[in-house]
Amino acid sequence: MAFWDSLWPRREAQFESGNASTNSIVLSRRHATVSLTKQGALTGNLRVNLSWRMRTSDIEGRSRQSGRLLRPMKLFRPDVVQAHTQGVVNVDLDLGCMYELKDGTKGVVQPLGNLIGDLNGPPYIRLSGDDRFGAPSGETVYVNLDQREQIKRLLFFVYIYDQTPAFDRTHAKVTLYPGNGPRIEIELDERAPQARSCAVFTVENVKDELIVRREVKFVYGFQSELDRLYGWGMQWGRGYKSRT
């Protein structure tokens, strides 16, 4: 148990079980899976959203630390600014999804290469937009759960596009919004200063039951390393984004 958990004894229990007042389920290491089937979320579109903010860092000097020593509770409240704020770190987080369909088809939906997918035809997954600045709306991928019987497994991941690794400078969160039932939240709250990619969660079709499993595994490479880690077996090349 972390030091701050001892300050608020009920904090850990609330984190594990989710927040009933906001109708959400929070997946953690100890509470890592949830069944979409048992939640009744089997129709319509599953909306998966990535949002992030930038934390200020010690590049601003140690002057702030003296103020925090006078107000020790601020140690637990890192300063946060929007990702496009100048003078911090320019980070472009992207959301992607590797998929494997029941017929053996494999592929990826992601901003690189403009692989936006298709919601009404295979792979029944579509990327909506590419947020390059950490806007409140973030990035969103839709999954057509009306075609769930066609899906074998999905791997949702986040990566830093062509910039300095800075997962430790960001506060990122991936939220699943099923068509029915509570939303599901996964925080990318572990420190991995040199990582460039993170496997966030998987969705597996196990005997017609859709199981969401929190992963939050950081790697120092890109999609090809995530592919090897989860056994997708695809070929990868260098991808680029279109100019804005």
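Read on for a plain summary of the structure. In this text the structure is predicted, and so the values were computed from the model without any measurement.

Bringing the pattern of salt bridges into the picture now. Going through the model one piece at a time under the given rule, you end up with four salt bridges. Salt-bridge contacts for Arg-183 lead to Glu-185; the nearest nitrogen and oxygen are separated by 2.8 Å. Accessibility expressed as a relative area gives 25% for Arg-183, which makes it partly exposed. Residue Glu-185 is classed as buried on the basis of its relative accessible area of 11%. Glu-215 is paired through a salt bridge with Lys-217; the nearest N and O atoms lie 3.6 Å apart. Here the salt bridges do not stand alone but share partners, grouping Glu-100, Lys-152 and Arg-153 into one network.

On the secondary structure map, Pro-111 appears in the loop between β6 (106-109) and β7 (117-118). Placed 17 residues apart in sequence, Pro-111 and Asp-94 show a C-alpha to C-alpha distance of 7.1 Å.

Moving on, we get to the packing of aromatic side chains. With the rule as written, the count across this model stands at two aromatic pairs. Consider the rings of Phe-156 and Phe-201, whose centres lie 4.7 Å apart with planes at 10°: the pair is stacked. Residue Phe-156 is found in strand β10 (residues 151-160), and its partner Phe-201 is found in strand β13 (residues 197-206); the two are separated by 45 residues along the sequence. Since its relative accessible area comes to 0%, Phe-156 is described here as buried. Phe-201 sits in the buried class, given a relative accessible area of 0%. Lying across the ring of Tyr-177, Arg-47 places its NZ or CZ 4.1 Å from the centre. In this arrangement the basic side chain of Arg-153 is found over the ring face of Trp-232, its NZ or CZ atom lying 3.7 Å from the centre.

Taken together, the buried positions of helix α4 (residues 223-230) are Gln-223, Leu-226, Asp-227 and Tyr-230. Buried positions in α4, seen along its axis, are confined to an arc of 105° and lie on one side of it. Tucked inside the fold, the buried residues of α4 contact β5 (93-101), β10, β13 and β14 (209-219). A positive backbone phi angle near 70° is found at Gly-231, which sits one or two residues after α4.

An order of β2-β14-β13-β10-β5-β6 is seen for the six strands of this open sheet, with the pairing classed as antiparallel. Single-partner strands in this sheet number two, and they are β2 (33-35) and β6. In this sheet, neighbouring strand axes are inclined to one another by 20° on average, regardless of whether the strands run parallel or antiparallel. Judged from the four bridges that link them, β5 and β6 form a sheet pairing that is antiparallel. Opposite Met-98, over in β6, you have Val-108 as the bridge partner.

Rules of the game
- Residues numbered from 1 in each chain as written.
- Predicted model: local features only at pLDDT ≥ 70, side-chain atom pairs only at ≥ 80, totals over all residues.
- Heavy atoms only, no water.
- Salt bridge = Lys/Arg side-chain N within 4 Å of Asp/Glu carboxyl O.
- Buried < 20%, exposed > 50% of the residue type's maximum accessible area, 1.4 Å probe, protein only.
- Helix = DSSP H or I, 4+ residues; strand = E, 2+ residues; numbered from the N terminus.
- Phe/Tyr/Trp six-rings, centres within 6.5 Å; stacked < 30°, edge-to-face > 60°.
- Lys NZ or Arg CZ within 6 Å of the ring centre and 35° of its normal.
- Arc of directions from axis to C-beta.
- Contact = heavy atoms within 4.5 Å.
- Pairing = 2+ DSSP bridges.
- Axes fitted to C-alpha atoms, helices over the stretch in contact; angles between N-to-C directions.

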